[in-house]
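Chains, contacts and geometry: an overview
Residue strings, one per chain:
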Amino acid sequence: MALERQLARWVSAGLITSEQAGSIRRHESEQSRPVLLYAVSTLAGAAIAIGIVSVIAANWEAIPGRLKIALDLAVIAALSHAVVWREQLGPRWLREAGLVVLYGAVLASIALIGQVYQLGGKTELALLAWSVLTFPALAQGRSAGVAFVWLLGLETTYFYVCAELAGRSHSGDELLASLASWPPLACLALGRSAWLQRERPAYAGVARALGWLQLLLVATVLVNFFYGSTLRMVGGWMWLGALGSVLGTAWLWYEHGRAAGDAQPALRARRWLLIACCASVTLPLLVPHGEWPVLAFLGFLGLWLLVALAAYRSAAPRLLHVATAVMGLRLLVGYIELFGSLLETGVGLIVGGLLALLLIWGWTKQRRKWDRELAAAPPALDPPPGGPQS
């Protein structure tokens, strides 16, 4: 139904002809995938992996060490054989579920070996070995569920390694914060990869969505660092983290501009949003400052204003509604911060309640207007990376 609505909008806007709409419809019907089946199979694979760990844990003391290792290696060998010969395994959703089970089983195997032989290793080293060993297998996946699980696993490994580095630094929290934007920027770069979009379109889509979501979360959290005071000198590792964020943002800015020819308003808005996110994750950490609540408040609103602008120009009404709702809530929080003592009086409560009602009324009215405008506007199409197409 969503495809039919999009095709109708494109035909009415003159972007495509009726014959082209029919060709797109036939192509998509041939390429359609059972999304619910893939989602359920991924969850089932994760449940099996967790269940295996639970059953072993319940009978842990009764199982000899050598038998534990032997059974574990047998399970890993069987799963690996199924992944290698995936074309003969059956339907694709079953192969994707097998990948998720293998991913969890390898991590459980590493923990098992460490426990049986009393190795006493560090968590970050175990996760790093897990990520390296499973990389070839997970690269064979095709579904969005496998991509999501894999990316979360890789990011978990990354943050454990960064936490170990931060523990050796005098400014560990700031160092960890300065490196927090690298995974979402890497996900966005993966999503822009022409090879990944061609060979693993589901992986590219998940990388883009996860990258934007995490980058916005990191920027939203770090811009509030202006509420605190940071007057000490910045260490070299923090400068390295900021440099990586700036270089990654600059490359994505260039790629978006090269692909669109700087002609599409949607991609222009995303480029400015990238700059705002970069400023939000670097300036609060690098610039020595006192307690600047006004700058934190304005930075938050400016960031989400650009999110709303990008959503509007991308014809994404749901994201637009979320962004404007977040801005409204932040305005209410700002009122409480500014006039918190007045809320203890009757007048303060009345004014606060009226402000909340006014914001809800204005947001609801504007939301209907946006819905009508976006329903009539042609969608913003993302051109493939590598420059505008002739």
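Keep in mind it's a predicted model, so treat the numbers as computed, not measured.

Focus on unusual backbone geometry
- If you check the backbone angles, Ala 315 has positive phi at about 55° while not being a glycine.
- Looking at the element boundaries, Ala 315 is found in the loop between helix 14 (293-313) and helix 15 (317-338).

Focus on the packing of aromatic side chains
- For the coordinates displayed, the defined rule picks out six aromatic pairs.
- Seen in terms of ring centroids, Phe 135 and Trp 150 are 5.1 Å apart; in terms of plane orientation they differ by 65°. Their pairing is edge-to-face. Of this pair, Phe 135 sits in helix 6 (residues 123-138) while Trp 150 sits in helix 7 (residues 144-167); the two residues are 15 residues apart in sequence, bridging distant segments of the chain.
- Judged by its relative accessible area of 8%, Trp 150 is buried.
- Summarising the aromatic geometry, the rings of Tyr 158 and Phe 159 are spaced 5.2 Å apart at their centres and angled 75° between planes, so their arrangement reads as edge-to-face.
- By the ring-pair criterion, three or more aromatic residues cluster together here, those being Phe 135, Trp 150 and Tyr 203.
- Sitting over the face of the ring of Trp 253, Arg 271 holds its NZ or CZ atom 3.9 Å from the ring centroid.
- Arg 330 extends its terminal NZ or CZ atom over the ring of Phe 300, reaching a point 5.5 Å from the ring centre.

Side note on the nonpolar core
- Counting 36 residues, the largest nonpolar core has Leu 215, Leu 273, Cys 277, Leu 303 and Trp 304 as its most contacted members.
- Every element with two or more residues in this core is listed here: helix 7, helix 8 (172-178), helix 9 (182-191), helix 11 (201-222), helix 12 (236-260), helix 13 (265-286), helix 14 and helix 15.
- If you tally residues by element for this core, the top one is helix 14, at nine residues.
- Beyond its immediate chain neighbours, meaning those up to four positions away, Trp 304 contacts Thr 220, Ala 323, Val 326 and Met 327.
- With 25 residues, the next largest nonpolar core counts Val 100, Ala 105, Val 146 and Cys 187 among its residues.

Side note on the side chain of Ser 181
- By the secondary structure assignment, Ser 181 is in the loop between helix 8 and helix 9.
- Those residues in contact with Ser 181 that sit more than four places away from it in its chain are Leu 215, Val 218, Ser 245 and Val 281.

Some points on helix 15
- For helix 15, with 22 residues, the first-to-last C-alpha span of 31 Å sits near the 32 Å given by 1.5 Å per residue.
- Inspection of helix 15 places Leu 320, His 321, Ala 323, Thr 324, Met 327, Gly 328, Arg 330, Gly 334 and Tyr 335 among the buried residues, and these make up the whole buried set.

Focus: a nonpolar patch on the surface
- A contiguous nonpolar surface patch, about 310 Å² in accessible area, is contributed by Leu 283, Val 287, Trp 292 and Leu 295.
- As for its placement among the helices and strands, Val 287 is situated in the loop between helix 13 and helix 14.
- Accessibility expressed as a relative area gives 32% for Val 287, which makes it partly exposed.

As for the state of the cysteines
- Taken as a whole and assessed by the stated rule, the structure comprises zero disulfides.
- Left unpaired, Cys 278 is separated from the closest cysteine sulfur, that of Cys 277, by 8.8 Å.
- The class of Cys 278 is buried, set by a relative accessible area of 12%.

Quick word on the packing of helix 6 against helix 7
- Put simply, helix 6 and helix 7 touch, their axes get as near as 9 Å, and they point 150° apart. Put simply, helix 6 runs roughly antiparallel to helix 7. Crossing of helix 6 over helix 7 shows left-handed handedness. Between helix 6 and helix 7, the residues in contact are Thr 123, Glu 124, Leu 127, Leu 128, Trp 130, Ser 131, Phe 135 and Leu 138 and Val 146, Trp 150, Gly 153, Leu 154, Thr 156, Thr 157, Tyr 160, Val 161 and Glu 164, respectively.
- Along the lines of polarity and charge, the residues of the contact of helix 6 with helix 7 split into 10 nonpolar, five polar and two charged.

Thoughts on the packing of helix 7 against helix 11
- For the pair helix 7 and helix 11, interaxial distance at closest approach is 9 Å and the crossing angle is 45°. With respect to helix 11, the axis of helix 7 lies oblique. For the pair helix 7 and helix 11, the crossing hand works out as right-handed. Of the residues in helix 11, those touching helix 7 at Ala 144, Val 146, Ala 147, Phe 148, Trp 150, Leu 151, Leu 152 and Glu 155 are Ala 202, Tyr 203, Val 206, Ala 207, Leu 210 and Gln 214.
- Within the contact of helix 7 with helix 11, the residues separate by chemical class into 12 nonpolar, one polar and one charged.

Considerations on the pattern of salt bridges
- Within this structure, the stated rule accounts for two salt bridges.
- A salt bridge links Lys 122 to Glu 164, with the nearest nitrogen and oxygen atoms 3.5 Å apart. Placement of Lys 122 in the loop between helix 5 (92-116) and helix 6 and of Glu 164 in helix 7 is noted, with a sequence separation of 42 residues between them.
- Among the residues examined, Glu 164 registers a relative accessible area of 24% and is labelled partly exposed.
- The closest approach of N and O atoms between Glu 199 and Arg 198, which form a salt bridge, is 3.4 Å.
- Exposure remark for Arg 198: the relative accessible area of 55% places this residue in the exposed category.

Basis of the calculations
- Residues numbered from 1 in each chain as written.
- Predicted model: local features only at pLDDT ≥ 70, side-chain atom pairs only at ≥ 80, totals over all residues.
- Heavy atoms only, no water.
- Helix = DSSP H or I, 4+ residues; strand = E, 2+ residues; numbered from the N terminus.
- Phe/Tyr/Trp six-rings, centres within 6.5 Å; stacked < 30°, edge-to-face > 60°.
- Buried < 20%, exposed > 50% of the residue type's maximum accessible area, 1.4 Å probe, protein only.
- Lys NZ or Arg CZ within 6 Å of the ring centre and 35° of its normal.
- Core = buried A, V, L, I, M, F, W, Y, C linked by side-chain atoms within 4.5 Å.
- Contact = heavy atoms within 4.5 Å.
- Expected span 1.5 Å × (residues − 1).
- Patch = residues over 30% accessible without salt bridge, like charges linked within 9 Å, V, L, I, M, F, W, Y side chains within 5 Å.
- Areas by Shrake-Rupley, 256 points an atom, 1.4 Å probe, with all protein chains shown as cover.
- Salt bridge = Lys/Arg side-chain N within 4 Å of Asp/Glu carboxyl O.
- Disulfide = S-S within 2.5 Å.
- Axes fitted to C-alpha atoms, helices over the stretch in contact; angles between N-to-C directions.
- Parallel < 35°, antiparallel > 145°, perpendicular 65-115°, else oblique.
- Left-handed = near helix turned anticlockwise from the far one by under 90°.
- Nonpolar A, V, L, I, M, F, W, Y, C, P; charged D, E, K, R; others polar.

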